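The residues making up each chain are set out below.
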Amino acid sequence: MLVRNVAIVSFAMFLFLISSIDGHAQNRQPTPEEIRLIRDCVEKHPDDGKGPDECSFKLVAEPCIEKDGSNLGTADCYRIESVIWDTILNENYKDLMDAIDEKKAQDKLREMQRTWIAFRDTTCDFYWYKIHGSMSVPMTAACQLRETARRAFLLALLQRV
Amino acid sequence: MCAKALFLAVAIYVCACARALADATSNSPEAENRAIIESCLANKTKAGEKLSRCIGIIADPCLENGEDPSTYGMANCSTREYDVWETRLNENYQKLMKDLDGEAKKNMREVERAWIVYRDRKCGFYHVLEQGTAAIPMDAYCTMTETGRQAIFLEKILGYSGSK
């Protein structure tokens, strides 16, 4: 009985370990330090036009790729940084929406955001159709990161027009 | 004999006209702008720098010089550069469509369609935020920038060879 219990517990622990390793590799969330690096940079470049170049790729994705430069590792590093930009983008979108009081203008903003998502997805996914290889995976992820960061800056800039 | 001489005269005249026209085209402001962008792209490629750095190379100095500070004058600075990128974009698109087939071709058409709608909604949004004429140069600069980026994107895509 004891042997059987030990075996079940060991097997459960083994499963937990496997899933947590796997989880760490592909579902890692950005660390507070990574988030701080990006946010500090964004604050430094609110509207000098240098923000996308200075703040994306260099601070989080590239150091992450240095640790794991495989195809999937690289794509995952881009994804991790994209999570940060996505949060900033959503904050800026909400702030812009709040700053616009006319309903018609709010509808236009919603429509503009929808067309951006369609553009980003069709464009970034196109690498697969052209390349037909695993190289397209990090290229698509880099494209998503680039466009999301650019968009986050634009939505902040539009609040000041 | 007379007919022959007349034919020769007409032929010489036509030749001269065609040459004058060719000279005029190569020295036109459009051709000059095209050459500026082409040499910028070639230099960035050689230096391994981002091609998108070439965007604004005609519009930016024109806007800084402020030759015509009216809203239309400012918009015109961007339109001059827009024309070059638009031509380049169309050339790259045609080349790509010739190069692609099947699903990839269908997808490229979708990419272009989604991009045009996105560009027009994005750049048109300045008119929503700014209801005066000030939105005109903003829209023009935005349209130029987006067209340049898309021309460069297609140029890069053309460079990747698939493993199909």
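Everything here concerns the structure above.
Residues numbered from 1 in each chain as written. Chains lettered and ligands numbered in written order. Predicted model: local features only at pLDDT ≥ 70, side-chain atom pairs only at ≥ 80, totals over all residues. Heavy atoms only, no water.

> Can you lay out the overall build of chain A for me, pointing to particular residues and giving the numbers?
Check the secondary structure of chain A and you find 7 helices and 0 strands. Reading chain A from its N terminus to its C terminus gives the helix and strand order α-α-α-α-α-α-α. Out of the 161 residues belonging to chain A, those deemed buried represent 42%. Taking the contacts inside chain A whose residues are at least 6 apart along the sequence as the reference set, 68% of them involve residues at least 24 apart. On chain A, roughly 9,200 Å² of surface is accessible, and the fraction owed to carbon and sulfur atoms is 61%. (Helix = DSSP H or I, 4+ residues; strand = E, 2+ residues; numbered from the N terminus. Buried < 20%, exposed > 50% of the residue type's maximum accessible area, 1.4 Å probe, protein only. Contact = heavy atoms within 4.5 Å. Areas by Shrake-Rupley, 256 points an atom, 1.4 Å probe, with all protein chains shown as cover.)

> Tell me about the interface of chain A and chain B, residues and numbers included.
Residue-level contacts link 29 residues of chain A with 36 residues of chain B. For the pair chain A and chain B, the summed buried area comes to about 2,800 Å², and 68% of that belongs to carbon and sulfur atoms. Between B:Arg53 and A:Asp53 there is a salt bridge, with its nearest N and O atoms 3.0 Å apart. Linking chain A with chain B are 6 residue pairs in polar contact (both at pLDDT 80 or more), by the criterion used here. Every element with two or more residues in the side of chain A that touches chain B is listed here: α6 (103-131) and α7 (136-158) of chain A. Class assignment of the residues belonging to the side of chain A that touches chain B gives a composition of 15 nonpolar, 5 polar and 9 charged. (Buried area = accessible area lost by both parts, 1.4 Å probe. Salt bridge = Lys/Arg side-chain N within 4 Å of Asp/Glu carboxyl O. Polar contact = N/O pair within 3.5 Å; in protein donor to acceptor, adjacent residues only side chain to side chain. Nonpolar A, V, L, I, M, F, W, Y, C, P; charged D, E, K, R; others polar.)

> Report on the packing of helix α4 (residues 71-99) of chain B against helix α5 (residues 102-129) of chain B, specifying residues and quantitative values.
All names here are of chain B. Viewed as axis vectors pointing N to C, α4 and α5 meet at an angle of 160°, and their least axial separation amounts to 10 Å. Compared by their axis directions, α4 and α5 come out roughly antiparallel. In the packing of α4 onto α5, the handedness of the crossing is left-handed. Of α5, the residues touching α4 (which contributes Tyr82, Glu86, Leu89, Tyr93, Leu96 and Met97) are Lys105, Met108, Arg109, Glu112, Trp115 and Arg119. Taken together, the residues of the contact of α4 with α5 sort by class into 7 nonpolar, no polar and 5 charged. (Axes fitted to C-alpha atoms, helices over the stretch in contact; angles between N-to-C directions. Parallel < 35°, antiparallel > 145°, perpendicular 65-115°, else oblique. Left-handed = near helix turned anticlockwise from the far one by under 90°.)

> Requested: an account of the packing of α6(A) against α5(B), with residues and values cited.
To characterise two packed helices, one gives the angle between the axes of the helices and the distance between these axes. With their axes 8 Å apart at the nearest point, α6(A) and α5(B) run at an angle of 150° to one another. If you check the angle between α6(A) and α5(B), you find them roughly antiparallel. Judged by the twist between their axes, the crossing of α6(A) over α5(B) is left-handed. For the contact of α6(A) with α5(B), the per-class residue count stands at 17 nonpolar, 4 polar and 6 charged.

> If you had to explain the pattern of salt bridges to someone new, which residues and values would you point to?
Tallied over the entire structure, the rule returns 25 salt bridges over all chains. When the shortest N-O distance is used, the salt bridge between A:Asp98 and A:Lys94 registers 3.2 Å. Residue A:Asp98 and its partner A:Lys94 are both found in helix α5 (residues 71-99); the two are separated by 4 residues, about one turn of the helix. Connected through shared salt-bridge partners, A:Glu147, A:Arg150, B:Lys122, B:Glu146 and B:Arg149 make up one network.

> Give a description of the environment of B:Tyr82 that names residues and reports values.
Residues and elements named next belong to chain B. Relative to the helices and strands, Tyr82 is located in helix α4. Owing to a relative accessible area of 19%, Tyr82 belongs among the buried residues under this scheme. Counting along the chain gives 64 residues from Tyr82 to Glu146, while the straight-line C-alpha distance between them is 9.2 Å.

> Just give me the short version of the state of the cysteines, but keep the residues and values in it.
A full pass over the atoms with the stated rule returns 6 disulfides over all chains. The residue that forms a disulfide with A:Cys64 is A:Cys77, at a sulfur-sulfur distance of 2.0 Å. Here the disulfide of A:Cys64 and A:Cys77 is left-handed, its torsion about the S-S bond being about -75°. Taken as a pair, A:Cys64 in helix α4 (residues 61-67) and A:Cys77 in helix α5 lie far apart in primary sequence, 13 residues in all. Each member of the pair A:Cys64 and A:Cys77 is classed as buried. At a sulfur-sulfur separation of 2.1 Å, the disulfide partner of B:Cys40 is B:Cys54. A torsion of -95° about the S-S bond marks the disulfide between B:Cys40 and B:Cys54 as left-handed. Of this pair, B:Cys40 sits in helix α2 (residues 29-47) while B:Cys54 sits in the loop between α2 and α3 (59-65), placing them 14 residues apart in sequence. Sequence-ordered numbering of the disulfide-bonded cysteines in chain B gives the connectivity 1-2, 3-4, 5-6. The connectivity of the disulfides in chain A is 1-2, 3-4, 5-6, where the numbers refer to bonded cysteines in sequence order. (Disulfide = S-S within 2.5 Å.)

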